[in-house]
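Understanding the architecture of this molecule
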Amino acid sequence: MTSAGTIRDWVASAHSIAVLTGAGISAESGIPTFRDAGGLWKNFRAERTARGAHQVTDEQSRPAALYANMTPEQLATPQAFARDPKFVWEWYDWRRSVIAQAEPNAGHMALAQLEKRTADFTLVTQNVDGLHDRAGSTRLLKVHGDIWTLRCTLCGRERQDLRPNLPELPPQCHCGGIERPGVVWFGENLPPEIWSQAEQSASAAGLFLVVGTSALVYPAAGLVHLAKASGAKVVEVNPAETPVSGMVDFSWRAPAAEALPQIL
Ligand code: BJW
Ligand code: ZN
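A brief structural summary. The residue numbers shown here count from 1 along each chain, following its written sequence. Just so you know, chain letters begin at A and ligand numbers begin at 1, following the order they were written in. Residue-level local features of this predicted model are given only where pLDDT is at least 70; pairs of side-chain atoms are given and counted only at 80 or more, and the full residue set underlies all totals for whole chains, interfaces and linings. Side-chain numbers come from the whole structure's heavy atoms, not from hydrogens or water.

Each metal's donors are the N, O and S atoms within 2.8 Å of it, or within 3.2 Å when it is Na, K or Ca, and because water is not part of the set, sites may look incomplete. In this structure, Cys152 (SG), Cys155 (SG), Cys173 (SG) and Cys175 (SG) serve as the protein donors to the zinc ion (ligand 2), at separations of 2.3 Å. Taken together, the four donor atoms coordinating the zinc ion (ligand 2) and their angles of 103 to 115° define a geometry best described as tetrahedral. Site description for the zinc ion (ligand 2): donor spacing in sequence, C-x2-C-x17-C-x1-C. The cut-offs for exposure are 20% and 50% of the maximum accessible area for each residue type, with area from a 1.4 Å probe on protein chains only; residues under the lower value are buried, those over the upper are exposed, and the others partly exposed. In this structure cysteine 152 comes out as buried when scored by relative accessible area, which is 4%. Residue cysteine 155 is classed as partly exposed on the basis of its relative accessible area of 46%. Square planar and octahedral assignments, for four and six donors respectively, both demand that opposite donors be over 155 degrees apart and that all other angles lie between 65 and 115; tetrahedral needs four donors with all angles between 85 and 135 degrees, and anything else is irregular.

So this is what it looks like as structure tokens:
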């Protein structure tokens, strides 16, 4: 049987389906992933150079060469934000403008359809881009937050701001505090209630789909192990091998927007 046929059968007979998505599902919408060649960091640098924005000099405490070697792991941290909030915000502001121009693709749409026809369905996403919401998914757990939410570092007030580019970086709260992106950085806890629901859905799932994630970042990647240990059939949809490929029941080496519509 073809990949699509096998997975379609598993989908049709599963009473409970949970899905974990990562940046790869939005790749075909034109949003760069984090760690693939041509990923976020390189594009950010190119964009900054093109705009001639905020040149980094020795006087600004770090040589430009150091930035060339930075990864999201070094940038998406509370420490990086505390050191240079404007710099970190430029990265997020650029990403917001890219995401604002993107549309959900056939992979996002297929998962929204799958939710409608599955009694017990949960979509856990590591993505902060909001494309699952825009595709119509509602049983959605955003474990790494949302790029369109801003949170005050002083009073904790949260607000939504959908402007692709913010007029002032870093943005400021009414209380005078600096606002930060409402996302989860390395070393920070995931939102506890959302995370607890994600764990529950992985342990209850009969079928667990892992789509477009490198499965390198924990605790999110741990959901795959939890689902497998709890007895779920696990299917990976990813053009590349990942650390969980060896433990899944089926590795479907295909782009998400091509594969997911075929499982309905
Ligand atoms: C396609 C495709 C197509 C391409 N179709 N596929 C256990 C072991 C080791 C370390 C840890 C551990 N537990 C915790 C840690 C530490 C850390 C961690 O995981 N580090 C490792 C990297 C070493 N984790 C944390 O710090 C987490 N917090 C935490 O654990 O709290 C407890 C704690 C408190 C205090 C101290 C210590 C611990 C928080 C993690 C937060 C991650 N945040 C980010 C940024 C979010 C905001 C933002 O967007 O800017 O989340 S980092 C970044 O990585 C982002 C992503 O959600 C996340 C995962 O990336 P993803 O989505 O997998 O993307 P890629 O680029 O990696 O992969 C894309 C994939 O798509 C590839 O496989 C492609 O092949 C594929 N693809 N095209 C389908 N068309
Ligand atoms: Zn405030």
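The next thing to look at is the packing of helix α9 (residues 192-204) against helix α10 (residues 222-229). Contact pair α9 / α10: the axes reach a minimum separation of 7 Å and the direction vectors enclose 35°. Across from Trp195, Ala198, Glu199, Ala202 and Ser203 in α9, the residues of α10 making contact are Leu223, Leu226 and Ala227. Following the grouping adopted for this structure description, the nonpolar residues are Ala, Val, Leu, Ile, Met, Phe, Trp, Tyr, Cys and Pro, the charged ones are Asp, Glu, Lys and Arg, and the polar ones are all others, Gly among them. Among the residues forming the contact of α9 with α10, the class breakdown is six nonpolar, one polar and one charged. To get an axis, a line is fitted to the C-alpha atoms, and for a helix only the part in contact is used. The angle between two axes follows their N-to-C directions and goes from 0 to 180 degrees. The helix and strand labels rest on DSSP assignments: H or I over at least four residues marks a helix, E over at least two residues marks a strand, and numbering proceeds from the N terminus. When checking whether two residues touch, look at their non-hydrogen atoms; a contact exists if any pair is within 4.5 Å.

For this purpose, a residue is taken to be near a molecule or strand whenever a single non-hydrogen atom of the residue falls within 4 Å of it. Of all residues adjacent to ligand 1, which total 35 residues, the nearest are Arg35, Tyr92, Arg95, Thr213 and Ser214. Pairs of N or O atoms within 3.5 Å make up the polar contacts considered here, provided that, within protein, one atom can donate a hydrogen while the other can accept it, and that residues adjacent in sequence are counted only when both atoms are side-chain atoms. Contact between ligand 1 and tyrosine 218: an oxygen atom at 2.7 Å from a main-chain N or O atom of the residue. Between alanine 256 and ligand 1, the recorded distance is 2.9 Å, taken from a backbone N or O atom to a nitrogen atom. Note on areas: these come from Shrake-Rupley sampling with a 1.4 Å probe, and a residue is covered only by the protein chains present in the view. A total of 1,500 Å² of accessible area belongs to ligand 1 in isolation, and the protein chains cover 76% of it. At three residues, the largest contribution of residues to the shell around ligand 1 is made by helix α6 (residues 85-100). When its residues are assigned to classes, the shell around ligand 1 shows 19 nonpolar, eleven polar and five charged.

Reading across the sheet, the six strands line up as β3-β2-β1-β7-β8-β9 and stay open at both edges, with parallel pairing between neighbours. Each edge of the open sheet is held by one strand with a lone partner, namely β3 (140-142) and β9 (250-252). Within this sheet the neighbouring strands show an average axis-to-axis angle of 15°, counted without direction. For two strands to pair, DSSP has to find at least two bridges joining them. With three bridges connecting them, strand β2 (residues 120-125) and β3 associate as parallel partners. What sits directly across from leucine 123, in β3, is leucine 140. Across the sheet, helix α1 (residues 3-13) is in contact with β1 (16-21), β7 (207-211), β8 (233-237) and β9; its angle to β9 comes to roughly 125°. Set on the sheet, α9 makes contact with β1, β2, β3 and β7; between it and β3 the angle comes to about 130°.

The next point concerns the sheet that holds strand β6 (residues 179-183). Pairing in this open sheet of three strands is antiparallel, and the strands run β5-β4-β6 from one edge to the other. Edge positions in the sheet fall to β5 (158-160) and β6, since each has one partner strand and no second. Across this sheet, the average inter-strand angle for adjacent strands is 40°, counted without regard to direction. As paired strands, strand β4 (residues 145-152) and β5 are joined by three bridges and run antiparallel to one another. Across the sheet, residue threonine 149 finds its bridge partner in β5, namely glutamine 160.

Moving on, we come to unusual backbone geometry. Each neighbour pair has its own omega, and for leucine 169 with proline 170 the value is -5°, a cis peptide bond. With respect to the secondary-structure elements, proline 170 resides in the loop between β5 and β6. For the peptide bond that leads from tyrosine 218 to proline 219, omega is 5°, which places it in the cis range. For alanine 215, which is not glycine, the phi dihedral falls at a positive 55°. With respect to the helices and strands, alanine 215 occurs in the loop between β7 and α10. Note on alanine 215: relative accessible area 3%, which makes it buried.

That's the geometry; what it means functionally is another story.
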